[in-house]
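Architecture and fold: a report
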Amino acid sequence: MLKFLSRYIVITLAALLYAVGIAFFLNPNQLAPGGVSGIAIVLKSAFPFLPGLGMLILIMNVPIMILGAWKFGGKFICSTIYSLIVSSIFIDILPSLTGIESATDNMMLAAVIGGALFGTAMGVMFRMETTTGGLDVIVKIVRQKKPHMRTGQIYMLLDIVVLAASAVAFHNIEVALFATVAIYVSTVVMDKAIYGGDQATLVYIISSKRKIIAARMMKELDVGVTMMQGMGAYSNTSTEIIMCVMRKQNLIKVRNILKEVDSNAFMIVSSANEVFGEGFKSHFKSEI
């Protein structure tokens, strides 16, 4: 029960963040962030007699919710409907509650901050295994079919169409360019919010004192170490190479060990975008 409540509290806060980004930064400056929200901003600006932006987003999501229910079942669609309704309500009531129509008239500031809030909210919602509906459902379907594609990249591709529509609707290429900034920022921030916690550092260490180094790494850093077989091309002698995946903050500790044990050791450092296994992400974690 506690887990259920904490999940929905996080979803509610993410929905609020999402609404703030749209209501105070993107919509007042006619910046379409892509997806159904972007389409709704374009339509609302072109046809002012349409219902409130939040309500319009809600209405446009009805057929997509039906598709989502069919593809993902009750748990996903229930939380998605909840986040969609809450965010739509926030979008419509926040300006009247606060008396603020726009947080800034600076287009660049609106694009960067609005895009960052939008991307953070979307990333958090994906981590909570929910969305705000719209193209989020389509993105989740694509991710299941093509898991090698990152979520932000898929959004970028889908948002190009909305971006082109906003340029035509507003007859202003500058607005479309600022919208591009908002989409780029939201894409980068979204990927950081989704994958940031799964990233790690991968190191390879070649040293004549590899056994001492490996033993200290396991004891002092509490990490797993793998010894790989290697062959020196010049010396034509076999050797063992230390391979280790660790949290980035442990890298400085490894360097200190090398300074003490073998300052001539050869170390290669690279990033591991996603790591599955003990101490990292579960193999059974659903893809987003």
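An account of the accompanying structure is given in this report. Predicted model only: the values in this text are computed from it and were never measured.

Rules used in this analysis
Residues numbered from 1 in each chain as written. Predicted model: local features only at pLDDT ≥ 70, side-chain atom pairs only at ≥ 80, totals over all residues. Heavy atoms only, no water. Helix = DSSP H or I, 4+ residues; strand = E, 2+ residues; numbered from the N terminus. Polar contact = N/O pair within 3.5 Å; in protein donor to acceptor, adjacent residues only side chain to side chain. Pairing = 2+ DSSP bridges. Axes fitted to C-alpha atoms, helices over the stretch in contact; angles between N-to-C directions. Contact = heavy atoms within 4.5 Å. Buried < 20%, exposed > 50% of the residue type's maximum accessible area, 1.4 Å probe, protein only. Parallel < 35°, antiparallel > 145°, perpendicular 65-115°, else oblique. Left-handed = near helix turned anticlockwise from the far one by under 90°. Nonpolar A, V, L, I, M, F, W, Y, C, P; charged D, E, K, R; others polar. Phe/Tyr/Trp six-rings, centres within 6.5 Å; stacked < 30°, edge-to-face > 60°. Salt bridge = Lys/Arg side-chain N within 4 Å of Asp/Glu carboxyl O. Expected span 1.5 Å × (residues − 1).

1. Some words on the environment of K211
Within the fold, K211 resides in helix α9 (residues 210-221). Along the chain, K211 and I241 lie 30 residues apart, while their C-alpha atoms are 9.9 Å from each other. One polar contact links K211 to E240, side chain to side chain, over a distance of 3.4 Å.

2. Quick look at the sheet that holds strand β3 (residues 238-246)
Read across the sheet, four strands follow the order β2-β3-β1-β4 without closing on themselves; strand pairing throughout is antiparallel. One side of each edge strand has no neighbouring strand; the edge strands of this open sheet are β2 (226-231) and β4 (266-272). When strand polarity is set aside, the average angle formed by the axes of neighbouring strands in this sheet is 25°. Contacting β1 (200-206), β2 and β3, α9 runs over the sheet at an angle of about 15° to β3. Contacts from helix α10 (residues 251-261) reach β1, β3 and β4, with the element oriented near 175° to β4.

3. Considerations on the side chain of T80
By the element assignment, T80 lies in helix α4 (residues 62-98). Overall, the relative accessible area of 0% leaves T80 in the buried class. Dropping the residues within four chain positions of it, T80 is found in contact with M65, T130, T131, T132 and G133.

4. Considerations on the packing of helix α1 (residues 2-26) against helix α5 (residues 107-127)
At a minimum axis separation of 8 Å, α1 and α5 run at an interaxial angle of 160°. In terms of axis orientation, α1 runs roughly antiparallel to α5. The two elements α1 and α5 meet at a crossing, and its hand is left-handed. Contact residues: α1 offers V10, I11, A14, A15, L17, Y18, V20, G21, I22, F25 and L26, while α5 offers A110, I113, G114, G115, L117, F118, T120, A121, M122, V124 and M125. Classifying every residue of the contact of α1 with α5 gives 18 nonpolar, four polar and no charged.

5. Structural notes on the packing of aromatic side chains
Each pair of aromatic rings is reported with the distance of its centres and the angle of its planes. By the definition in use, this model includes four aromatic pairs. Connected via pairs of aromatic rings, a cluster forms that spans F4, Y8 and Y82.

6. Considering the packing of helix α2 (residues 35-46) against helix α3 (residues 53-60)
Two quantities define a packed helix pair, namely the angle between the helix axes and the distance between the axes. Remark: α2 packs on α3, axes separated minimally by 9 Å, with the N-to-C direction vectors making an angle of 125°. The orientation of α2 with respect to α3, classified from their angle, is oblique. For the pair α2 and α3, the crossing hand works out as right-handed. Side by side, α2 and α3 meet where V36, S37, I39, A40, I41, L43 and K44 of the first sit next to L53, L56, I57 and M60 of the second. When grouped by side-chain class, the residues that make up the contact of α2 with α3 number nine nonpolar, one polar and one charged.

7. A word on the pattern of salt bridges
Per the stated rule, a full pass over the model turns up four salt bridges. The closest approach of N and O atoms between E240 and K211, which form a salt bridge, is 3.4 Å. Taken together, the residues E240 in strand β3 and K211 in helix α9 connect sequence positions 29 residues apart. Take E240: its relative accessible area is 19%, and that puts it in the buried class. Using a relative accessible area of 59% as the deciding quantity, one classes K211 as exposed. Salt-bridge contacts for E260 lead to R216; the nearest nitrogen and oxygen are separated by 2.9 Å. One end of the pair, E260, is in helix α10; the other, R216, is in helix α9, with 44 residues separating them in the sequence. Look at E260 and you get exposed, because its relative accessible area is 56%. Counted as one network, the salt bridges with shared partners bring together R210, K211 and E240.

8. Regarding α2
Relative to the 16 Å expected for twelve residues at 1.5 Å per residue, α2 spans 17 Å between its end C-alpha atoms, a close match to the ideal helical length. Within α2, burial applies to G35, V36, S37, G38, A40, I41 and V42.

9. Section: the pairing of β3
Bridging between β1 and β3 involves five bridges; their strand directions are antiparallel. Pairing of T201 across the sheet is with M246, part of β3. Of the pairings in the sheet, the one linking β2 to β3 comprises six bridges and is antiparallel in character. Bridge pairing in β3 places G230 opposite T239. Connecting β2 to the antiparallel partner β3 that follows it, the hairpin turn spans six residues, and N236 within it adopts a positive phi of roughly 60°.

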